[in-house]
Every structure is written in C-alpha cells, then in structure tokens.
Amino acid sequence: MVHDRGMARIGILGVGTIAEAVVRAMCTRPGQADEFILSPRSEARSMRLAEEFGNCRRAESNQAVIDACDIVVLAMRPQDLDEALEGLTFREDQIVASFIAALPPSQVAELTAPAIRTCQVIPLPAIAVHRGPLVISPGIPEVVEVFDGLGDVIVLDDETKIRVLSCASAIMSTYYEAQNRVIDWIVDQGVAPQTASLYIRSELEGLASVGKAVSEDQRADLPAEHQTPGGLNERVRAGLLEQGWFDALVAQVDGIYRNAVLRGPDAD
Ligand SMILES: NC(=O)c1ccc[n+]([C@@H]2O[C@H](COP(=O)([O-])OP(=O)(O)OC[C@H]3O[C@@H](n4cnc5c(N)ncnc54)[C@H](OP(=O)(O)O)[C@@H]3O)[C@@H](O)[C@H]2O)c1
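Attention here is on the structure that accompanies the text.

The rules we used
- Residues numbered from 1 in each chain as written.
- Predicted model: local features only at pLDDT ≥ 70, side-chain atom pairs only at ≥ 80, totals over all residues.
- Heavy atoms only, no water.
- Near = heavy atom within 4 Å.
- Polar contact = N/O pair within 3.5 Å; in protein donor to acceptor, adjacent residues only side chain to side chain.
- Areas by Shrake-Rupley, 256 points an atom, 1.4 Å probe, with all protein chains shown as cover.
- Nonpolar A, V, L, I, M, F, W, Y, C, P; charged D, E, K, R; others polar.
- Salt bridge = Lys/Arg side-chain N within 4 Å of Asp/Glu carboxyl O.
- Helix = DSSP H or I, 4+ residues; strand = E, 2+ residues; numbered from the N terminus.
- Phe/Tyr/Trp six-rings, centres within 6.5 Å; stacked < 30°, edge-to-face > 60°.
- Buried < 20%, exposed > 50% of the residue type's maximum accessible area, 1.4 Å probe, protein only.
- Core = buried A, V, L, I, M, F, W, Y, C linked by side-chain atoms within 4.5 Å.
- Contact = heavy atoms within 4.5 Å.

### Section: the site of the ligand
Working step 1: Taken together, the neighbourhood of the ligand is formed by 19 residues, with Thr17, Ile18, Ser42, Met76 and Arg77 sitting nearest.
Working step 2: The separation between an oxygen atom of the ligand and a polar main-chain atom of Val15 is 3.2 Å.
Working step 3: Between Arg41 and the ligand, the recorded distance is 2.9 Å, taken from a side-chain N or O atom to an oxygen atom.
Working step 4: Burial of the ligand by the protein amounts to 80% of the accessible area it has alone, namely 900 Å².
Working step 5: Residues belonging to the shell around the ligand are distributed by class as follows: 10 nonpolar, 5 polar and 4 charged.

Below you can see the structure in the form of structure tokens.
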C-alpha cells in the first residue's frame, strides 16, 4: 500500500541492472512519483530511463547526483565502490541506501561521512513485478516509506542478520531449475511444451499464493494439507525425504553462509 507522503528526491549512483529494475518498478507502481536523479553511468541505461520517465533525469556527474537528492542509493559493484566514492562530498542530512551485497551499512557510513544515516536495501528480481521481499536494514523510516508498494518490505534492525537472509535467498535459480525439470519431464511424456509450461508455472503460482496467504500458525501444516495418505504427493515427498533432498538443500544454503566472502564478486 502506497501512502500519501511528500515527494522524495532519490539519487542513484550506478545505474546498472538492479538499479534500472528498481527505478522502473518505482516509476510504474501506483501512487505518486518520486524524483530520480541518475548518475551518468551506465550511459545507455540512464539515458533510456530519463527518456522514458518524466520524473527521471540524468545528472552530469556523481557529485551532481548527491547535491540534488535527499536519499542517495549506492548501486555499483562492490569492487567499484571505492573508486566511485573517491572525492565525493555527502551532506550530513542525507540518507544513504546501499544495494551493495555483503557490505554492512555501518561500514558504508564510514565511507559516506558526514552522511551517517545509512542502511542496506536488498531488492530481488521480482521487484520488477512489485512482488517479493525487500530487506531494509536498519529500518530508516524515510527509506521504508519510499520503497513502500514494491513487494513485502522486511525491516531488519540487526545488520549482522542481513547475511542470513541474503544466503537464504540463494534458492532462486534452484527453484527455476526444479520448475524447468518438471516441465521437461511432462514434455518428454508427449505433452505439448506450452501446455506443460503453463500447467507447472500456474501450479507454482497458486502454491506460492496459498503459502503466502495462510497464517504463520498454518504454515507448518501446508505439506500435510497438500497430500493424501498413500497418494501421489505423499509418495514423491517421502521419496525425496528418504534421499535427504531437503537436508541437502539446507546444507547448501548453510555452506554458502559459512563461506561467503565480503565485498567480493560472488557477494550476491
Ligand atoms: N543484480 C541483482 O539482482 C542484485 C540484487 C541485490 C543487490 N545487488 C547489488 O547491486 C550492485 C549492482 O549490481 P548489478 O547487478 O546492478 O551490477 P551492474 O549491472 O554491473 O551495475 C553496476 C553499475 O555501476 C556503474 N558504475 C561503475 N562504476 C561507477 C562509478 N564510478 N560511478 C557510477 N557508476 C558506476 C556501472 O556503470 P558502467 O556500465 O558504465 O560500468 C553499472 O551501471 C552490486 O553491488 C550488487 O551486489 C544486485
């Protein structure tokens, strides 16, 4: 739900893949439009967004972005951060929201002083359709407000827990791999690809909707509620449980949590 509030001036340093997705999502959600001041890089993306949306404009330099906004979003790759910030001057009253994976907001504050109100924002690709979780840590009210309406905002005040959620989100490609494997299996049995694809993707959409709609108390019962004793679902789940499939999934997530590096190219 987007609430009525004053227009925010949001500066984006680093208009790459994720920044473009977020700006597009923010410009196309219902409610009022904020103003976006975009860094000159990436040139093609920032020019495209400025052409497409009346509330986006491309600034001449990174400093011009900072000078024109209330909230500065850092959206470059971790390895480009130091060079990008070199020589830039922030204001004390500015808020810095960083998309940069595996860089704790308290460390960002050291780089952007005197702007020390900093937080990390973690958008996932589904933000493009205004869905999915959006972690904001810590929950700076002005940042929570401007990202409202883009999915489920999850405020995490303890920055040491950001990495837990980041690692837990690393099941996205596995999810689609599972989706596509089952679609391929249906096609192998002689069903038309379009039919197979719509069937499974629609089934998964329905399951996700129910999974999200039930109360927290009902969540644990979902597997049992979606199988009949001795039925097909129960047999598939029991077989995978016996093979340790779910333990293996959690072990993989746990493994990256214990081994993930900070500020490296594999940060997200
Ligand atoms: N992709 C995701 O799903 C995702 C999700 C959550 C968080 N993140 C985080 O978001 C950040 C960006 O990821 P991405 O996938 O969007 O990467 P990307 O597509 O490579 O975008 C990085 C952008 O930063 C720009 N840039 C580099 N140096 C700059 C500088 N000195 N000043 C201004 N801009 C500069 C690049 O411009 P040029 O093209 O001109 O080099 C490029 O537009 C990363 O830190 C990542 O951890 C990404």
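Next comes the rest of the description.
### Remarks on the pattern of salt bridges
Working step 1: With the rule as written, the count across this model stands at 14 salt bridges.
Working step 2: Across the salt bridge formed by Glu216 and Arg219, the nearest N and O atoms sit 3.0 Å from each other. Here Glu216 pairs with Arg219, and both are found in helix H10 (residues 216-219), just 3 residues apart, close to one helical turn.
Working step 3: Put simply, Glu20, Arg24, Arg45, Arg48 and Glu52 are held in one network by salt bridges that share partners.

### A look at the packing of aromatic side chains
Working step 1: Enumeration according to the criterion identifies 3 aromatic pairs in this entry.
Working step 2: Consider the rings of Phe99 and Phe147, whose centres lie 6.5 Å apart with planes at 55 degrees: the pair is tilted. Within this pair, whereas Phe99 is found in the loop between strand E5 (95-98) and helix H5 (105-112), its partner Phe147 is found in the loop between helix H6 (141-146) and strand E8 (152-155), the two being separated by 48 residues in sequence.
Working step 3: A residue is classified by how much of its surface remains accessible, and Phe99, at 11% relative accessible area, is buried.
Working step 4: Measuring from ring centre to ring centre gives 5.1 Å for Tyr175 and Tyr176, while their planes differ by 85 degrees; the resulting arrangement is edge-to-face.

### Re the nonpolar core
Working step 1: Ile12, Phe36, Val121, Val143 and Phe147 are the most contacted members of the largest nonpolar core, which totals 31 residues.
Working step 2: Among the elements of the structure, strand E1 (9-13), helix H1 (17-28), strand E2 (35-38), strand E4 (71-74), E5, strand E6 (117-122), strand E7 (133-137) and H6 are those that each provide at least two residues to this core.
Working step 3: Sort the elements by how many residues they give to this core and H1 lands first, with 6 residues.
Working step 4: Once you skip the residues sitting within four places of it in the chain, Phe147 turns out to touch Val22, Met26, Arg29, Phe99, Val121, Leu134, Ile136 and Val153.

Read these as spatial facts, not as claims about activity.
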